[in-house]
Amino acid sequence: MKMIRQLIACTCAAAALAISLPAGATDFTKLATYEPWPEATVEAFRSIPVQEGGRIKPMDAWAQFKLLSMNAKRSLWIEAKRPGDDEPTKFKIGYNEWALDCFFRPDIAKQQKIFDVKDYDALTRLGIELLKDENGQTLKKKRDRYSYHELFTTDREIENVRLNELETQAERIRTEKSDQADWTSIEHVIIGLHEGVTIFDHMVRSFAFARGIKVGPGAPEWLAPAEGGTVRFQEFFGKTQQIAAWVDEYQQAKMAESMEKGILPKDIPSEEMIPEPIRASFDRLQFSPMLLLFPPTDPKLDEWESFAALARNVDRNTEGGSDRLMKYAGLIEDIARAPVAESAAPVEALRDAIVAKAEERTHQTPPHNELRTVNLEVAYYKADLFYRSINIFVILILAWAVAVLTRRDSKVSKIATRIAFWGTLVPVAMMITGMTMRSIILARPPVATLYETLIFITTASVIVLLVIEAFDRQRIALGGAVFLGCIGLLLSGAFEVTKSEDTMGTLQAVLMTNFWLATHVPSVLLGYAAGIVAALISAIYVAFKLFGRFSGQPTRFTRDLTKFAYGVICFGLLFSLVGTVLGGLWANDSWGRFWGWDPKENGALMIVLCFLAILHARLGGYIKEWGLHLSSLLTANVVLFSWFHVNLLGVGLHSYGFTSGLKVALFISYGVFLAIFLVGAVLAFLDRIDRRRAKELRNAEKGADPGPGGKRLANA
Amino acid sequence: MSSGRYFFNLGYRFISSFGLAVATFVLLLIITYLGTVAQIEIGLLKAQQVYFESWFFIEDFAYFKNNMESLEWLQGKAYPKLLLPGGKLLLVVLFFNLLIGGIIRLRRKWHKPGLIISHFSIVVLLVGSFVEYRKADRGNLKLDPKQTADYFTSYYDWDIEITKAGAGPGDEALVIPYEQINYLEGDLSRTFRSDKLPFDVQVSNYVINSQPNRATASPGAGPAAKGYYLEVGEEQKEAEMNVGGCKVSLLKPGTSEPLDEGILWGLANAPMTAEVGGQQFLVTMVRRIWPLPFAVRLDQFEFDLHPMTRMAREYTSTISQIEDGAEKTVIITMNEPMRDEGYVLYQSGYGPDNAQPGDPNAYTVLAVADNPADYIPMISCIMVGIGLLIHFAQMMVQSIGGRARNESPAAAAAAATKSAAGSSPPMPGAAAPSATLPTDAPDPAP
Amino acid sequence: MNLPQSNWRTSAFPLTLACAALLGTGCSRDPVGDVVEITKTRTITQYEPARAAGATDDERFGFSRPVPPPPPGMAQHAAAPFRWKVIDGWTAQEGSQMRVANFSFGPNGEGECYLSLLPGSAGGVLANLNRWRAQMGQEPMAEEDLASLGTTKLLGADAPMLDVTGPFKGMGETEAKPDYRMLGALLGAPEFTLFVKMTGPANIVAENEEKFREFCASVEITSSRGGGQ
C-alpha cells in the first residue's frame, strides 16, 4: 500500500515539476539595440481607456489579446543591447511595451518575432520563400515565430505581392468554406496569419501620422516639405481645404475627360485620380478605424471614435471637429517625438486628456459612467490571480506528495498535510477574488462564457474536495483538490490562448439578466462540477484497485471513495436537476417555451438522467461499488459533451460558446475517461471472478451447494 | 392465489420497479443524445418530432455516417438500423413508474418526505409538459410601429382559408388545417367540401418549401395553373424558413368537373379570387391564425446595440393592450414577457435586418404562447428543490451518524446485518451507502 | 413471496391503465382521396388586414407585368430605365456605356446630342457647367451666376441649361472648331446626375434648339423593368 502511494506521489511530483518548469524560450528577437519603455510610460499607457467589443476597457486588455491572438503568448523575448549594456542581453517585454512599439516604433515592431505560424507549409503555400540563416542554411521548423520583416521582407514590392497573396488566399478560404469545421489545419494557419497581419497593420498605421507626413516631389509651393521630406501632421492638416480643392480640381478634370472618352469613372485606375505628390503622403495618412480611443462629444452617443473617424468628421465639418483632431493629434505627436526615456509625460498627458473627456461625460445627460471599472481591470490583469494560483497549486502538490511519501504518523507528514490542506485555501481565495473582480467589472455573475465556466467549475470542485477532505482526512480528496485546481486553471489558461479574445466580452441581450445568470447557470455548473469530481474519485478508485491488484495488498479507503462518489452524485443531482428546471423557467421567460430540446438543454438533461440512473440503479441494487464508479466515469463524458461538445455542434440557441480548436482536446478527454473506464471494467470483472472463487471455496469447505445468494452475486 | 392476481401483482411490481426506472433513464439518455446530434442533419423541429414526440422511431445514425468521414475504418461500413422507443413512450412509462413506484409505494415512508415531494414534483412537471404539448399554441406576431393586432400566427403550420370576398371582422373563415394537406405531395390529392361553399376544393401538389414562378420560365417543371407553377425548394432545417404552397382546383360539388384552379403560396401578396355562382370567394394559404382575447398596439419599439457592434444590448416594445375599449400600457422586454389571460407575449426579435437603433420603421416581433400550463414548471422547480434538499440533508445527517457508528466493529456488523435484510447480500464496501438507503428496496426483476 | 394485498392497489392499477389509454389517443391521418368535410372555422378578428379580391396571379406572386412596348413615338433603352420621344430629323447612333441615348443631326450629321448618366453628384452642377464652358473656351462662372441661367424641363423638373457659343474643343481634340454652339442641360437627382448635351455648328444647333427642349421634356423613367420580382 505504501508502495502504491509512493508511486502515485512520485508521478504527481514529477508532473508538477514538469508543469512548473518554464518552457524554454527559443524565439529570441535579435536586435542591435533596444531601448525599453520606462516603467512610468507603460503604467500610463496600460490604463488608457479604449472601446472595443461594445465596452470600455483599459489598453492593457486591448493590447493583451491583440498580442495573444498573433503570438499565442503574452510576451516576447528580445536579445539586444540596452542603453548602458556592454553586451547584448536577453530580456522579456510585455504586451504593453509591444503595443507601444507598434504605435510609435513600427520599424522595431516589424522586427519582432510575433507571428506564431503553427505550420511551415502554410508559408510555402503562400509563396513565402524559405528563410535562410546567416550561413545561408534554410531554417525550416514546423512551428515557429516570425517577424513582419521576415515574412514580408523590407522590399515594398515583395511585401505587396506577399500581402496580396495572403489576402487572396484567406478570402478564398472564407468564401469557399463558410463552415470553419471544413478548414484544413494549413487553412487555419493561413486565416490566423491573415487576421494577425491585419491587426498588426492596423496597429502600425494607427499613429503613423505622428511621425510626419511625406510629400512627394512636384508639390505646390505652399505644401512643400520643410525638412527631411516630411511635413508635420498638424501643418499638413491645416491645409486640408487647399489640398482638397487642389485634388478636387485634378479629379474633376480627370473624370470629365474620361467621360467624354466614354470611360466610366469607376474604370479609371484609382491611383490616376490622385496627384503624384499627394500619393506619397498616403503612407502615413491611412488612419486605422480599429482603435476606438476618443470619447464622442455628443452626449447622446456611446460610440467612441477612432482617429480615422475624427479626421473624417473634420471633412464633414462637424462642429469643433478640427480642434478636437488637432488637440489629440498634438498629444500623439508629442509621444512620437519625445525620446523614449522621456515618454512617460506625454503618454500620461494623452491618457489624462481622454480620461478627462470621459469623466466629463459622467455629468452630461444621459450620463455615461464609462470609466467605472477601467482601473479595476488593470489591477485584475496585474494581479493575474488565476495564473499565480497555478504556481501555488504546484507547491501544494509537492507538499501533498511529501505528506503521502513520508510515514503517516511522522511529524513531517503531519506538517506537510497541514500545509497542503490549509495552503489550498490560498488559491481558492485567490480564485474567488478573481471571480469577484470579474463580477464587479462586468456587473454580472462571472459564469456567462466558457472560460468563466472553467474557472467556476475548477473553484467549485476544489472546494467540494476540500470539504470531503475535512470529513475524511485520508488525504485522497486533498490530492484530488490540488491536482484538479492545477489542471483546471492550466486548461482555462490554454483555452484563453486558443481563443485569444477578450474573455470579458459583452453579452447578447438574452443573457443580460443577473437573476437567471446567478441562479440557473451556477446550479448547472455545480452539476457539471459534481460530475467531474465524482469521475475523479472513481478514477482514484480504479487506480487504487489497480495497484492493489498488482501489489497483492488489500486496498484501504476504497469504501470511503464509494461513499464520496455517491454523495457527490447526490449533490450533483440536486444542483443539475434544479439548474435544468431553472433553465427551463428562464427559457419560458425569454423564448416562450419551457423546454425546446435545444442541444444545451438536452446536455443538462442528460447529466440529470445519468445521475438519476446511477442513484436509482444503486438503490435498486443493480449496481454495487464497481457499478457506481464505472457509471460515474461514463457520466464524466456526458458532462464533457454537455459542457463543450454541444457548443461545437453549431446548432441551437445556446451556441454562444466557442468552436474550433477545442475539438482535439475534447476527444482526448473523452478517450482518457473511456480508458480509465475500460481498465476499471477489466478490474471489476477480475474482482467478480475472485469473489465467486472465494465463495465456491467457502461453500466447498462448508460442503453445501451454492445457495441463491451465490447465484445472485454472480448475476449482480 | 389466482393466476390473474399473480399476474396483476407481477405487472404492478414491474411498472413500479427500480429496474424500469433505470431502464427508462438510460433509454431517455440515449435518445436525448441521438436527438441532439440528429439536429445537425435534420433540424430541430424534425428531430423533435422523430425522437421526442414519437412512440417509437428507427435510428439510422445519419449523423455518424455523415460526420465520421475522417475515421477511415468507418467508411463504407453499413450502419445498423435500430428500433428505439420514442420520447413520448418513455415519458409516459416514467410517469406511471413515478406515480406508482415513487409516490404510491413510497407513501408509507413518511420519514422520507423529501423523496415523495421530489417525485411528486416531477410528476407535476410531466403533467404540465403533457398539457403544454397537447394544448399550447405557439406563434408570433410582427408589429409595425402604431400597428394594432389581435391575433398571432404559427411558425410552421400553413392553413388554407376560404372566405367570401369582402368578409370582415366577425365573419367566418373556413379553415383546411395544415395537418390535412401537408402530405399531399405530387399527385396525391384530396377534396374538401362544405355546405357553405358552392364548390369543392381539391388540394394537391403540396410543396413544403415552395416558390412560385412563371410556367414559361421552366416549362414542364411542375403542374401549372394559370401560367404559374411551384418551384420545389430545399427543405430548410429551420422549419420556420419553409414557405408552403400547393395547387387547388375548385370543383363542382360532388363531381370532378373543374370550375377554377390556382396556385396557393404562403407568402402571396393577395388571395386567389374565384367567382362561382355569381359570388367571389377568396382562397388563400396563411400561417395559422389564432385570435388573442385582447388587442395590442405597438406604441414604441426601442432597441440598442452594444456600441460599435451588431450585438443587441436590449430590445423593448412599449405596447398598448386594448380590451373592451380600455387601454393599458405594457412594456415587453428581453426576459420580461407580458402575461395576461393565459397568454404570454415575449420580445423575440426585430427587423428589418439592417435596422439601426432609432430607426422609425423598425418593427418588433413578439413570440406569443397560449399555454395553460405556464406556471407549472415553476411550482415544480421549487418543489423538487425543496424535496431533494430535505432528502439529501437527511441522508447526510444519517451518513455522518452512521459513520460515527461504523467506527466500532459492532456497528459495522449491525450495518451489514441491516443491509443483508434488504435485497443485496453484504458486500465489502457497500456498508456505508446501504446504511443510508431504503432498506426495503425491491428486488431486481425476478 | 410477499405480494401486496391492500385494496388501493387493486383500484390504482386499472385507473392508471385507463389514464394510459387516454394518453394513447393520438390523431391519425385521414386516407388520401376521400372527400373530407371542412369542420374548422375561424372568426375573422377585428384587426386582421383585409384581404383584397381580384388580384391577378402576377400581383399575388410579386411578378410585375412584362414591360409593355413603348407607346408609339417613344424609344427606350434596353437596360437603363429611360425612354424618350423619337425626334424627327435626328438619327439614333450607337449608344455606349456612358451614353444612354445618342443622336446626330444636321445635313451631314455635324451636330450631336446625347443623354448620359453618372451616379452620384458627379462633382456638382457648377463644376460640370464650368467644364462645359471650358470646352467652349469660356471663363468659368461663379456660383451666383447659376441663377441667371435659363432652364429647360428635364424629368419634370426645371434643369439649368447652358447655352454658349464659341470655339469648341472636345475631349481629346487638338484643334478647336470655331463658331460652335453648345446646349447643355443638367439635372442632379439624389442618386444620379443626368446630362443632355448638344453641340454643333451654331446655325444647325439653332435649328434644333426647340427639338432639344422637346427631347429633354420627353425623357421619362420607366418604373420597372419587369421579369423579376
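Residues numbered from 1 in each chain as written. Chains lettered and ligands numbered in written order. Predicted model: local features only at pLDDT ≥ 70, side-chain atom pairs only at ≥ 80, totals over all residues.

Kindly report on the overall build of chain A, identifying the contributing residues and their values.
Helix and strand counts for chain A come out as 26 helices and 11 strands. Each of the 716 residues in chain A was classed as buried or not, and the buried ones make up 45%. For chain A, contacts bridging at least 24 residues in sequence account for 71% of all contacts bridging at least 6. (Helix = DSSP H or I, 4+ residues; strand = E, 2+ residues; numbered from the N terminus. Buried ≥ 20, exposed ≤ 12 C-beta atoms within 10 Å, placed from the backbone. Contact = placed C-beta atoms within 7 Å.)

How would you summarise the packing of helix α2 (residues 39-46) of chain A against helix α15 (residues 344-360) of chain A if you had to cite specific residues and measurements?
All names here are of chain A. Orientation of α2 relative to α15, taken along the N-to-C sense of each, is 10°, at an axis distance of 8 Å. The angle between the axes of α2 and α15 places the two elements in the roughly parallel class. As α2 packs across α15, the resulting crossing turns out to be left-handed. Contacts from A40, T41, A44 and F45 of α2 reach α15 at A344, V347, E348 and R351. Its residues assigned to classes, the contact of α2 with α15 shows 5 nonpolar, 1 polar and 2 charged. (Axes fitted to C-alpha atoms, helices over the stretch in contact; angles between N-to-C directions. Parallel < 35°, antiparallel > 145°, perpendicular 65-115°, else oblique. Left-handed = near helix turned anticlockwise from the far one by under 90°. Nonpolar A, V, L, I, M, F, W, Y, C, P; charged D, E, K, R; others polar.)

Kindly report on the interface of chain A and chain B, identifying the contributing residues and their values.
Opposite the 57 residues of chain A that make contact, chain B presents 62 residues. At the level of elements, α22 (558-590), α23 (599-619), α24 (625-649) and α26 (708-715) of chain A are the ones that each hand at least two residues to the side of chain A that touches chain B. No other element matches the 17 residues that α22(A) contributes to the side of chain A that touches chain B. Here the residues of the side of chain A that touches chain B sort into 30 nonpolar, 17 polar and 10 charged.

Tell me what's going on with the sheet that holds strand β1 (residues 35-37) of chain C, and back it up with residues and numbers.
Judged by pairing direction, the sheet is mixed, and its 5 strands sit side by side in the order β11(B)-β10(B)-β7(B)-β6(B)-β1(C) without closing on themselves. Of all strands in the sheet, those with a lone pairing partner are β11 (258-265) of chain B together with β1 of chain C, marking the two edges. When the angles between neighbouring strand axes are averaged without regard to direction, this sheet yields 25°. Here 3 bridges tie strand β6 (residues 189-193) of chain B to β1(C), and the two strands are oriented parallel to one another. Within the sheet, the bridge partner assigned to R193(B) lies in β1(C) and is E37(C). (Pairing = 2+ DSSP bridges.)

Requested: an account of helix α21 (residues 514-551) of chain A, with residues and values cited.
Since one α-helical turn is 3.6 residues long, residues separated by three or four positions face the same way. Between its first and last C-alpha, α21(A) extends 54 Å over 38 residues, near the 56 Å set by a 1.5 Å rise per residue. G552(A) sits one or two positions beyond α21(A) and adopts a positive phi of about 70°. (Expected span 1.5 Å × (residues − 1).)

Report on the sheet that holds strand β5 (residues 89-94) of chain A, specifying residues and quantitative values.
Residues and elements named next belong to chain A. One open sheet holds the 3 strands; their spatial order is β1-β4-β5, and the pairing between them is mixed. In the strand order of this sheet, the two ends are held by β1 (29-33) and β5, each with one partner. Across the sheet, the mean angle separating the axes of adjacent strands is 35° when strand polarity is ignored. With respect to the sheet, helix α4 (residues 95-104) is in contact with β4 (75-81) and β5, its orientation differing from that of β5 by roughly 85°.

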